[in-house]
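Observations on the model geometry
Now for the letters of each chain:
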Amino acid sequence: MPPTTPEDLLNSVVAKYGTYVNPGLARLLSFAGYGVEMKAEGCYIWDHEGRKFLDCLGGYGVFSLGHRHPKVVEAAKQALDTMPLGSKVFFSKSLADLAERLAKLAPGDLNYSFFCNSGTEAVEGALKVAKAFEGRPKVIATYGGYHGKTIGALSATGREKYREPFYPLVPEFEHVEFNDLSAAKAAIDDRTAAFIVETVQGEGGIILADDDYLKGLRSLCDQTGALLIVDEVQTGFGRTGRMFGIDRSGIVPDIITFAKALSGGVIPIGAFMGTPRVWENAFGKNPLIHTSTFGGNPLACATALAALDVIESENLVENSRARGEQMKSGLQNVAQAHTDLIAAVRGEGLMIGVEFTMDDVAELCIAQMVKRGVVAAYTLNNRRVIRFEPPLTINAAQVDTAVTVFAEAIAETASLLSAVIGAEN
Ligand SMILES: *Cc1c(COP(=O)(O)O)cnc(C)c1O
């Protein structure tokens, strides 16, 4: 029988997750208080009870343009009506246009693009191209870094919890402390194919790379002939208040990866870009050395082009910076009233993290935020940090709402905790 009431609907979906999808995930989402998502528009998501939620997670950075931006949806519809998936043997205009567009946006001589379908695939491709460059075996990555969960990307991801069950991973991957240039210097040598790093460790807990660190990595790589891969899967396209995370330091990597926001929040796409000398070494002898059946399909490329148009025409990079400052200072004010629970508020643009002083506070606070109609989540590699990554289209009033709800949620969490601690004593 099809479910009749909202409660029946929720119970039946949760039961199917328990039986057919992932029982642990069913418990995790239920604990946070999430129901079933039914539709979304702009900065809002509606659940099975018709409740409206302000999206302050933004799909981990996917929904930079909000949900279902009409111009992106229109581009997708046009592609559906003409040719959504390509033959792979004809030339594709939308793929060529998107590659040209990205080359004009990206810094330096990052001119070439390869298109895939997700962030982890972008990292896989980047690692392969780097290894092909001079045939060197070693890759250096950072603790706390997040690069995806397929075997190659996971070999670079810096959290034991995700890695340990899958040992041995790809050989000759080494991890060093993030933001520690002398550790990088000690690790990079003439057997190093690449150093891979984020400009802001998103899943690591919204930790910014120092400008001097990124500049130092650039010169260490130049000295040793290693390639510098910057993973902008989450930071790319305005998230940090600049078009790209690397724009703050002004360095140009040899390879850069994108995904999340490039989708326009409508059709999945990933990409990695490289310089002519990187591409010549990787694809020069064999243009089919790395391929993807679905990667670069016209549907995804057309929507990505529309998304880039919207980012420019609606000044979303500027909005990210302005609303980001508003949100960060609002959250900092809240933090001042809860110095026992909140250790730090940090970030740039609309990529802001609130770090708690103890474990489990983030989880409790998230549940209180969800109860009050704000979607939030902690960072995957650091559960003490709640991330605020709303759509870059968010307005000042919506930012105020998010901050107010966070203030209420942390106050409620504090009183719940003191009740528990009081009862224990
Ligand atoms: C999300 C993310 C990935 C992985 O992307 P998926 O699409 O989930 O595979 C890789 N790198 C960074 C920096 C990310 O934030």
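I will try to describe carefully the structure that is included in this document.

Secondary structure assignment for the protein yields 15 helices and 17 strands. Over its C-alpha atoms the protein spans a radius of gyration of 22 Å, differing by no more than 12% from the 22 Å that the globule rule assigns to 425 residues. For the C-alpha atoms alone, the extent of the protein along its principal axes is close to 65 × 55 × 45 Å. Considering only residue pairs separated by 6 or more positions, the protein has 73% of its internal contacts joining residues 24 or more positions apart.

With respect to topology, 4 strands assemble into an open sheet ordered 13-14-17-16, the strand pairing being antiparallel. Edge positions in the open sheet fall to strand 13 (342-348) and strand 16 (377-379), since each of these has one partner strand only. For this sheet, the mean inter-axis angle between neighbouring strands, taken without regard to orientation, is 35 degrees. Sheet analysis places strand 14 (residues 351-356) next to strand 17 (residues 382-388), joined by 4 bridges and oriented antiparallel. In the sheet register, Gly353 faces strand 17, and the bridge partner there is Arg387. Seen against the sheet, helix 13 (residues 316-336) touches strand 13, strand 14 and strand 17 and runs at an angle of roughly 175 degrees to strand 13. Of the strands in this sheet, strand 14, strand 16 and strand 17 are in contact with helix 14 (residues 361-371), which crosses strand 17 at around 35 degrees.

Of note, Asp190 is situated in the loop between helix 9 (181-187) and strand 7 (192-197). Judged by relative accessible area, Asp190 falls into the exposed class, the value being 59%. Separated by 33 residues in sequence, Asp190 and Gln223 have C-alpha atoms that sit 9.2 Å apart. With near-sequence residues (within four places) excluded, Asp190 lies in contact with Arg136 and Thr224.

Considering all chains together, one arrives at 11 aromatic pairs under this definition. Summarising the aromatic geometry, the rings of Phe237 and Phe258 are spaced 4.7 Å apart at their centres and angled 50 degrees between planes, so their arrangement reads as tilted. Taken together, the positions of Phe237 in the loop between strand 10 (227-231) and strand 11 (255-258) and Phe258 in strand 11 put the pair 21 residues apart, joining distant regions of the chain. Given the relative accessible area of 1%, Phe237 is considered buried. The exposure class of Phe258 is buried, given its relative accessible area of 1%. In this structure an aromatic cluster arises from ring pairing among Tyr112, Phe114, Phe272, Trp279 and Phe283. Its end group placed over the ring of Tyr162, Arg159 keeps NZ or CZ at 5.4 Å from the ring centre.

Criteria and thresholds
Residues numbered from 1 in each chain as written. Predicted model: local features only at pLDDT ≥ 70, side-chain atom pairs only at ≥ 80, totals over all residues. Heavy atoms only, no water. Helix = DSSP H or I, 4+ residues; strand = E, 2+ residues; numbered from the N terminus. Rg over C-alpha atoms; globule rule 2.2 N^0.38 Å. Contact = heavy atoms within 4.5 Å. Pairing = 2+ DSSP bridges. Axes fitted to C-alpha atoms, helices over the stretch in contact; angles between N-to-C directions. Buried < 20%, exposed > 50% of the residue type's maximum accessible area, 1.4 Å probe, protein only. Phe/Tyr/Trp six-rings, centres within 6.5 Å; stacked < 30°, edge-to-face > 60°. Lys NZ or Arg CZ within 6 Å of the ring centre and 35° of its normal.

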